[in-house]
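A closer look at the structure
The lines below spell out each chain.
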Amino acid sequence: MKYLHNNQPKSVLIRNTLKNIEKKFENSTLLRCHRSYIVNTKRVSMVKKEGTAMKLLIESPNSEKIPVSRGYQTMVKDFFDQKHK
């Protein structure tokens, strides 16, 4: 898992599946966007479409781009559309 601590990127190994983490935090600001990624939606600065691919730009010192897989694109789009209504 990657996170910011005092505005510095940190990482820690979590011995659990993303499916379990997703289930445990289902009513939180965490959103599954790829089979390998769950993001904190409070840190998403932009949803960007690049051809048929979708990316989430994360507010961080590295300005990371997180891929959104095709299977999650509709759910991610609906989440951010609903958030901005």
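The preceding data block contains the structure.
Residues numbered from 1 in each chain as written. Predicted model: local features only at pLDDT ≥ 70, side-chain atom pairs only at ≥ 80, totals over all residues. Heavy atoms only, no water.

This part takes up helix H2 (residues 70-83). Compared with an ideal rise of 1.5 Å per residue, which puts 14 residues at 20 Å, H2 spans 20 Å between its outermost C-alpha atoms and is within 8% of the ideal. Within H2 the residues assigned to the buried category are Gln 73, Val 76 and Phe 80. For H2, the angular spread of the buried residues around the axis is 80 degrees, confining them to a single face. The exposed residues of H2 that point more than 90 degrees off its buried face are Gly 71, Thr 74 and Gln 82. Looking at the buried side of H2, the elements it contacts are strand S3 (30-34), strand S5 (44-50), strand S6 (53-58) and strand S7 (65-68). (Helix = DSSP H or I, 4+ residues; strand = E, 2+ residues; numbered from the N terminus. Expected span 1.5 Å × (residues − 1). Buried < 20%, exposed > 50% of the residue type's maximum accessible area, 1.4 Å probe, protein only. Arc of directions from axis to C-beta. Contact = heavy atoms within 4.5 Å.)

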